[in-house]
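Survey of secondary and tertiary structure
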Amino acid sequence: MSGAATLYGLCGAAVIGVGIYGFLVHANILRRLLAFNVIGSGIFLMLGAAGSRAPEAGPDPVPQALIITGIVVALSATGLGVAILVAYARASGSPRLPEDTEDDPA
């Protein structure tokens with residue numbers, strides 16, 4: 001991998017780490033859904049870095065196609081997750097899961 005691809009890969013790993021931290025720390029389901037999307041974005045960034053080739057050869061089109069498809073799937077899954085979250089919050093009156101209702105400042 002070239003220097004730029006290594007930098008993108010490391011940034012992707014950092015974004016995944018931030019997403020995992022957000023997923024573990026927050027009890028609010030919407031924040032967990034957003035943290036899960038951040039994890040997915042980091043994975044897309046790492047996949048793009050892994051698909052790099054020599055600068056004169058250009059990027060590999062297969063990882064690019066996978067990333068575009070993954071973004072579309074992530075968008076539709078996020079919409080479904082938000083719809084389920086809204087239905088759950090209306091039914092239960094709380095945006096938190098029952099086991100996460102202990103004192104959480106977030």
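On a predicted model such as this, the values are computed, not experimentally measured, just so you know.

About the thresholds
- Residues numbered from 1 in each chain as written.
- Predicted model: local features only at pLDDT ≥ 70, side-chain atom pairs only at ≥ 80, totals over all residues.
- Heavy atoms only, no water.
- Helix = DSSP H or I, 4+ residues; strand = E, 2+ residues; numbered from the N terminus.
- Rg over C-alpha atoms; globule rule 2.2 N^0.38 Å.
- Buried < 20%, exposed > 50% of the residue type's maximum accessible area, 1.4 Å probe, protein only.
- Contact = heavy atoms within 4.5 Å.
- Phe/Tyr/Trp six-rings, centres within 6.5 Å; stacked < 30°, edge-to-face > 60°.
- Lys NZ or Arg CZ within 6 Å of the ring centre and 35° of its normal.
- Axes fitted to C-alpha atoms, helices over the stretch in contact; angles between N-to-C directions.
- Parallel < 35°, antiparallel > 145°, perpendicular 65-115°, else oblique.
- Left-handed = near helix turned anticlockwise from the far one by under 90°.
- Nonpolar A, V, L, I, M, F, W, Y, C, P; charged D, E, K, R; others polar.

Describing the overall build of the chain
Along its length, the chain carries three helices and zero strands. For the chain, the succession of helices and strands along the chain, N to C, is α-α-α. Relative to the 2.2 N^0.38 estimate, which gives 13 Å for 106 residues, the radius of gyration of the chain is 17 Å and therefore markedly larger than a compact globule would have. Viewed in the frame of its principal axes, the chain has a C-alpha envelope of about 55 × 25 × 15 Å. Relative to its 106 residues, the chain shows a buried fraction of 23%. Long-range pairs, those at least 24 residues apart, make up 61% of the contacts in the chain with a sequence separation of at least 6.

With respect to the packing of aromatic side chains
Per the stated rule, a full pass over the model turns up one aromatic pair. The ring centre of Phe-23 lies 5.7 Å from the NZ or CZ of Arg-32, which sits over that ring.

Section: the environment of Ala-4
Note on placement: Ala-4 falls in helix H1 (residues 3-25). Distance in space between the C-alpha atoms of Ala-4 and Ile-67 is 18 Å, their sequence separation being 63 residues.

Details of the packing of H1 against helix H2 (residues 29-50)
In the contact formed by H1 and H2, the axes pass within 8 Å of each other and the chain directions differ by 165 degrees. One element, H1, and the other, H2, form an angle in the roughly antiparallel class. The interaxial crossing formed by H1 with H2 has left-handed handedness. Contacts between H1 and H2 involve Ala-5, Tyr-8, Gly-9, Cys-11, Gly-12, Ala-13, Val-15, Ile-16, Gly-19, Ile-20, Gly-22 and Phe-23 from the first element and Arg-32, Ala-35, Val-38, Ile-39, Gly-42, Ile-43, Leu-45, Met-46 and Ala-49 from the second. Class assignment for the residues of the contact of H1 with H2 results in 15 nonpolar, five polar and one charged.

Remarks on the packing of H2 against helix H3 (residues 61-92)
Packed helices, taken two at a time, are described by the angle between their axes plus the distance between the axes. One can describe the packing of H2 onto H3 by two numbers: an axis separation of 10 Å at closest approach and a directional angle of 175 degrees. By the angle between their axes, H2 is roughly antiparallel relative to H3. Between H2, through Ile-29, Leu-30, Leu-33, Asn-37, Phe-44, Leu-47 and Gly-48, and H3, the contact on the second element is made entirely by Pro-63, Leu-66, Ile-67, Gly-70, Ile-71, Ala-74, Thr-78, Gly-81, Val-82, Leu-85 and Tyr-88. Per-class residue counts for the contact of H2 with H3 are 13 nonpolar, five polar and no charged.

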